[in-house]
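Letter by letter, the chains look like this.
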Amino acid sequence: MTKTKEKMPVRDLCLISLFTAIIAVCAQITIPMTVPFTLQTFAVMLTCGVLGGRRGTISVALYIIMGAIGLPVFASFNGGISYLLGSTGGYIVGFFFGALLMWAMERLTKKSMVWMGISMVLSVLVCYAFGTAWFAAVYVMNGTPQSLGTILSWCVIPFILPDLAKCALALDLTDRLARVLPRLEGRKSVSAKADEGTTEK
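Residues numbered from 1 in each chain as written. Predicted model: local features only at pLDDT ≥ 70, side-chain atom pairs only at ≥ 80, totals over all residues. Heavy atoms only, no water.

Asker: Sorry, what's going on with the overall build of the protein chain here?
Answerer: From N to C terminus, the protein chain includes nine helices and two strands. With 201 residues in all, the protein chain has 40% of them scored as buried. Across the protein chain, every contact between residues at least 6 apart in sequence was considered, and the portion connecting residues at least 24 apart equals 66%. (Helix = DSSP H or I, 4+ residues; strand = E, 2+ residues; numbered from the N terminus. Buried < 20%, exposed > 50% of the residue type's maximum accessible area, 1.4 Å probe, protein only. Contact = heavy atoms within 4.5 Å.)

In structure tokens:
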């Protein structure tokens, strides 16, 4: 008896494409800095929160692939391998590994908003690790190495509070969307669970 491969439902493909487009749009909302401030982090957290780890990771991977082949989906309508190999490209690659972490935590923990919030924060830390390491490596390769303190002051410290705010906003929107689309990933919103508890009493 042979097993047939499951095909991804059309609805899933549409949702993945939609959230890939959302990430691309949020990438254009930017404030120029040494490492540009964008809403990509927020979009990645929201994508993985609403779609779940598997589909969210696919959506993030699709976004990176689109940019790598030259489509202008990165910040300030950039694209191409050369952009990924630039000083800030490590953060974009970090989005993928951050999404993988959220997927892993989703499988290992209960699908609750608390754990999702924790996974979002850890995902941002993974992005920092990949992005900052690559940023430092590029400067070394260019013959202009920077001290760790300087790199952190450029790449991490200015973004900590804004990124925590993005995580909080993404978590809140995920919870709100779970009320409208409760079957997306079998996750119920905090308010929905509270309503059920009230009904059962």
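Asker: I tried to follow helix H2 (residues 40–51) on my own but got confused; where do I start?
Answerer: Helix length check: H2 (twelve residues) gives 16 Å between terminal C-alpha atoms against 16 Å at 1.5 Å per residue, within 8%. Most of H2 is tucked away: twelve of the twelve residues are buried. For H2, the set of buried residues is Gln-40, Thr-41, Phe-42, Ala-43, Val-44, Met-45, Leu-46, Thr-47, Cys-48, Gly-49, Val-50 and Leu-51. Count one or two residues on from H2 and you reach Gly-52, which has phi positive near 90°. (Expected span 1.5 Å × (residues − 1).)

Asker: Teacher, can you tell me more about the packing of helix H6 (residues 113–141) against helix H8 (residues 160–180) here?
Answerer: What describes two packed helices is the angle between their axes and the distance between those same axes. Contact pair H6 / H8: the axes reach a minimum separation of 10 Å and the direction vectors enclose 145°. Like other packed secondary-structure pairs, H6 and H8 cross with a definite hand, here right-handed. Between H6 and H8, the residues in contact are Met-113, Met-116, Gly-117, Met-120, Val-121, Val-124 and Tyr-128 and Ile-160, Asp-163, Leu-164, Cys-167, Ala-170, Leu-171, Thr-174, Asp-175 and Ala-178, respectively. For the contact of H6 with H8, the residue count by class is twelve nonpolar, two polar and two charged. (Axes fitted to C-alpha atoms, helices over the stretch in contact; angles between N-to-C directions. Left-handed = near helix turned anticlockwise from the far one by under 90°. Nonpolar A, V, L, I, M, F, W, Y, C, P; charged D, E, K, R; others polar.)

Asker: Whenever I open this one, the confidence of the model for the protein chain confuses me. Can you help?
Answerer: When pLDDT is low, close inspection of the predicted coordinates is not appropriate. Overall, the predicted model of the protein chain reaches an average pLDDT of 86, with 86% of residues at or above 70. Across the protein chain, helix H3 (residues 53–68) holds the top mean pLDDT of 96, while helix H9 (residues 190–200) sits lowest at 46. Note on residues 190–201: pLDDT under 50 across the span, and eight contacts to partners over four residues away in sequence or across chains. (pLDDT = per-residue confidence, 0-100.)

Asker: In this structure, what is going on with the packing of H3 against helix H5 (residues 89–108)? I would like to understand it.
Answerer: Here H3 crosses H5 at 170°, and the two axes come no closer than 8 Å. Here H3 is positioned roughly antiparallel relative to H5, judged by the angle of their axes. Two secondary-structure elements touch here, H3 through Gly-53, Arg-54, Thr-57, Val-60, Ala-61 and Ile-64 and H5 through Ile-92, Val-93, Phe-95, Phe-96, Ala-99, Leu-100, Trp-103 and Glu-106. (Parallel < 35°, antiparallel > 145°, perpendicular 65-115°, else oblique.)

Asker: Quick question: what am I supposed to make of unusual backbone geometry here?
Answerer: Most peptide bonds adopt trans geometry, and most residues besides glycine take a negative phi value. A positive phi angle, close to 55°, is found at Ser-76, a residue other than glycine. Residue position: Ser-76 is located in the loop between H3 and helix H4 (81–84). Its identity as a non-glycine residue notwithstanding, Phe-77 has a phi of 60°, on the positive side.

Asker: Sorry, what's going on with the nonpolar core here?
Answerer: Counting 44 residues, the largest nonpolar core has Met-45, Val-60, Tyr-63, Phe-74, Ile-92, Met-120 and Cys-155 as the members making the most contacts within it. Elements supplying a minimum of two residues to this core: helix H1 (10–27), H2, H3, H4, H5, H6, helix H7 (148–155) and H8. Top element by residues in this core is H2. It accounts for eight residues. Each residue touching Phe-74, except ones within four places of it in the same chain, is listed here: Ala-27, Gln-28, Tyr-63, Ile-64, Gly-67, Ala-68, Gly-79, Gly-80, Tyr-83, Leu-84 and Ile-92. (Core = buried A, V, L, I, M, F, W, Y, C linked by side-chain atoms within 4.5 Å.)

Asker: Would you take a moment to explain the environment of Leu-39 for this structure?
Answerer: You can see Leu-39 is positioned in the loop between strand E2 (37–38) and H2. Through-space distance from the C-alpha of Leu-39 to that of Cys-26 is 5.0 Å; in sequence the pair is 13 residues apart. Discounting residues that sit within four places of it in the chain, Leu-39 has contacts with Cys-26, Ile-29 and Lys-166.

Asker: What exactly am I supposed to notice about the side chain of Thr-38 here?
Answerer: Position of Thr-38 among the secondary structure elements: in strand E2. Leaving out residues up to four positions away in the same chain, Thr-38 has contacts with Cys-26, Ala-27, Ile-29, Thr-30, Ala-75 and Lys-166.

Asker: Whenever I open this one, the environment of Gly-90 confuses me. Can you help?
Answerer: Counting through the fold element by element, Gly-90 comes out in helix H5. In this structure Gly-90 comes out as buried when scored by relative accessible area, which is 5%. With 37 residues separating them along the chain, Gly-90 and Cys-127 place their C-alpha atoms 7.9 Å apart. Residues within four places of Gly-90 in sequence aside, it is in contact with Leu-84, Phe-130, Gly-131 and Trp-134.

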